[in-house]
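In case you want the letters, here they are:
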Amino acid sequence: MMKKFLYILTISLFGVACNDDYLDLAPNGAMSEATFWKSEKDADLALTGCYRGWEGWSNILFFDGASDNGYEQYDYGAKKLGNGSLTPTDGTTTWTDGNSGKWFTYSRVRKYNDFLERIDQVEMDEAKKERYKAEVRFLRAYDYFNKVIHYGDMPLVTEVITDINEAALPRTPQDQVAKFVFDELDAIIAGGALPTQNVIEASGHVTKGAALALKARFKLYLGEYAAAQNAAAQVIEMPCFELYQNGYDKLFLPAAESDNKEAILSLQFVPDKYNNIASLTCLPNSQGGWAALQASWDLIQAYESTDGSPFNEDKPFENKDPRLAMTVLYPGAPYYGDFFDPFNGPDKSGDPINCPTRMPVHKYVEPYDDAWNQSGDFMIFRLAEMYLIFAECALYTGEDTDKALDYINLIRARNGVNMPPKENLTEAVVRNERRIELAFEGLRYFDIKRWDIGSEALGGQVLGTRLGTVDHTTGEVSWEGDRIVVEERHFNADRKYLLPIPQSEIDLNPNMTQNPGYN
């Protein structure tokens with residue numbers, strides 16, 4: 001089977017330089033129609049260009065740093081949003097990932113629109129052409145989904161704009177943009193061009209399951225519970241998906257990619273050609289990393305004890321849901337033949353480990369020969385999320401609540417997790433299970449937003465562990481003092497959880513308005 005064909009080629013579609021004016025919709029050069037858009041090979045290359053950069057791994061990993069799950073110490077895009085200091089002149093991108101934080105840009109939309117306007121002129125297999133069109137329509141819908149959840153109202157552009165003077169567009173109400181997204185998804189789902197396959201079978205292509213998963217997530221975010229539950233159910237019923245049973249920790253590592261049937265759609269990487277540095281950003285500096293993203297104490301307290309006993313301040317990591325140790329590297333945890341000591345180090349340079357909360361993220365991380373050249377995929381949608389969407393929606397629709405509870409317990413019964421089953425489906429159960437299962441997958445901030453719990457979740461102090469001493473023979477930690485205060489956060493309800501429109505766009509586009517709370 002071809003391995004991740006999407007990124008083997010490194011072409012830049014259309015050979016176009018991005019223009020910084022207005023919405024980046026009008027190219028300042030274009031590949032000649034006389035030399036391109038003639039053959040099936042051209043269509044293959046163009047599709048590859050559409051997939052390249054459609055999402056960024058750091059958007060998934062680091063966005064929980066803007067929530068009560070984590071702390072992002074170097075401001076790789078989430079820190080200022082989380083602490084309330086983000087302004088219209090701040091960027092949301094980071095050098096660690098060239099595709100991070102680019103939710104406002106329209107260069108991708110321009111690329112998708114161009115593909116859809118030109119593909120019909122190519123002589124090629126018609127079934128393949130229809131599938132390619134459906135895939136790109138999905139990518140465009142996903143891009144607009146991100147625009148809405150990050151900014152609210154956003155210009156809706158569905159055709160190629162060739163005159164830069166026409167690119168100074170006003171914002172389209174988010175309800176209209178959302179309607180466009182759902183109309184597109186419904187059309188490509190009903191059209192039959194997308195196959196019913198998991199990521200392995202589809203070799204990284206968009207599938208019918210991915211379209212339904214996006215619909216389920218977006219409907220959930222908008223509070224349309226019946227529609228979200230129905231879309232999630234359709235994914236769950238597809239025989240190609242199943243929960244990964246070879247370890248929750250391995251689910252997020254390259255070793256799982258050959259047999260991970262839980263993945264619905266993934267952002268894929270290839271060593272030396274299209275790699276990432278996720279492990280490098282999370283590993284503590286004792287292993288040459290930066291500990292850029294760390295868990296908060298609030299998240300640690302959300303993990304249940306295996307026997308239902310109350311939280312033990314003196315033994316906070318013992319007898320816990322196994323997903324804790326698979327998500328967070330905590331003081332006293334087994335660590336490269338020793339026990340992790342974020343208090344007295346030393347690291348490779350002889351300095352104390354640079355980790356303010358003392359708990360770097362462990363999810364996605366394993367030793368690599370070259371941490372600058374990591375190839376682990378990042379799942380955008382997976383089956384467990386569909387179970388959780390179905391369960392949450394069942395609370396409000398009252399439909400299939402017994403099945404919803406079964407789905408919660410299937411997640412908890414995953415091999416290597418084996419947490420006791422829940423007896424009742426409650427809001428508290430669903431919300432906490434969602435927080436634990438999906439930690440550091442980029443979804444927590446939007447859960448806080450739709451539940452409107454920002455005043456408690458996004459305000460006040462971010463805490464780490466207490467200081468202490470690690471016994472390097474047993475791993476036991478002797479704690480002392482109060483918990484470390486890492487950051488003071490300020491929640492501004494007037495901002496309605498939205499990001500600011502970039503000031504550069506406001507300056508260039510007289511029809512663009514700013515989001516509330518940023519003027």
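Residues numbered from 1 in each chain as written. Predicted model: local features only at pLDDT ≥ 70, side-chain atom pairs only at ≥ 80, totals over all residues. Heavy atoms only, no water.

Asker: Could you clarify how one ought to interpret the pattern of salt bridges in this entry?
Answerer: Pairing is possible between side chains of opposite charge, provided their charged atoms come close. Evaluation of the coordinates by the stated rule reveals 40 salt bridges. In this structure, the salt-bridge partner of aspartate 143 is lysine 147, at a minimum N-O distance of 2.5 Å. Remark: lysine 147 and aspartate 143 occur in helix α5 (residues 126-151); sequence separation between them is four residues, near one turn of the helix. Aspartate 143 gets classed as buried once you look at its relative accessible area, which sits at 3%. A relative accessible area of 0% means that lysine 147 is categorised as buried. Salt-bridge contacts for glutamate 304 lead to lysine 422; the nearest nitrogen and oxygen are separated by 2.9 Å. You can see glutamate 304 sitting in the loop between α11 (297-302) and α12 (323-327) and its partner lysine 422 sitting in the loop between α14 (401-412) and α15 (427-437), a full 118 residues away along the chain. Through salt bridges that share partners, Glu262, Glu304, Asp321, Arg323, Lys363, Arg382, Arg412, Arg414, Lys422, Glu433, Glu437 and Glu441 make up one connected network. (Salt bridge = Lys/Arg side-chain N within 4 Å of Asp/Glu carboxyl O. Helix = DSSP H or I, 4+ residues; strand = E, 2+ residues; numbered from the N terminus. Buried < 20%, exposed > 50% of the residue type's maximum accessible area, 1.4 Å probe, protein only.)

Asker: Looking at this structure, how should I read helix α13 (residues 383-397)?
Answerer: Since there are 3.6 residues in each turn of an α-helix, residues three or four apart along the chain are aligned in direction. Helix length check: α13 (15 residues) gives 21 Å between terminal C-alpha atoms against 21 Å at 1.5 Å per residue, within 8%. Extensive coverage of α13 is indicated by the burial of 12 of its 15 residues. Within α13 the residues assigned to the buried category are Leu383, Ala384, Glu385, Met386, Tyr387, Leu388, Ile389, Phe390, Ala391, Glu392, Cys393 and Ala394. Of the residues flanking the end of α13, it is glycine 398, one or two places downstream, whose phi is positive at about 75 degrees. (Expected span 1.5 Å × (residues − 1).)

Asker: Can you help me understand the pairing of strand β6 (residues 378-382) in this one?
Answerer: Along a regular strand, successive side chains alternate from one face of the sheet to the other. Among the five residues of β6, five are classified as buried, and the element is accordingly described as predominantly covered. The pairing of strand β2 (residues 263-267) with β6 spans four bridges and is classified as antiparallel. If you follow leucine 265 over to β6, its bridge partner there is phenylalanine 381. (Pairing = 2+ DSSP bridges.)

Asker: It is not clear to me how a negative patch on the surface should be interpreted in this structure. Could you clarify?
Answerer: Residues Glu399, Asp400, Asp402 and Asp406 make up a contiguous surface patch of negative charge. Looking at the secondary structure, you find aspartate 402 in helix α14. (Patch = residues over 30% accessible without salt bridge, like charges linked within 9 Å, V, L, I, M, F, W, Y side chains within 5 Å. Areas by Shrake-Rupley, 256 points an atom, 1.4 Å probe, with all protein chains shown as cover. Lys, Arg positive; Asp, Glu negative; His and termini not counted. Charge placed at Lys NZ, Arg CZ, Asp CG, Glu CD.)

Asker: Mind showing me how you'd approach the layout of surface pockets here?
Answerer: Space left empty within the atom packing is revealed by a probe, the size of a water molecule, rolled over the atoms. The volume enclosed by the second largest pocket comes to roughly 390 Å³. In this structure, the second largest pocket is lined by 22 residues; those nearest its centre are Asp68, Asp298, Arg435, Glu456 and Ala457. Contributing elements (two or more residues each) for the lining of the second largest pocket: α11, α15, α16 (444-451), α17 (454-457) and β7 (460-470). Of the residues belonging to the lining of the second largest pocket, the class tally is eight nonpolar, seven polar and seven charged. (1 Å grid on protein atoms, 1.4 Å probe; cavity = no way out; pocket = protein on both sides within 12 Å on 5 of 7 lines; lining within 4 Å. Points joined across faces, edges and corners; volume = space filled by probe spheres on them. Nonpolar A, V, L, I, M, F, W, Y, C, P; charged D, E, K, R; others polar.)

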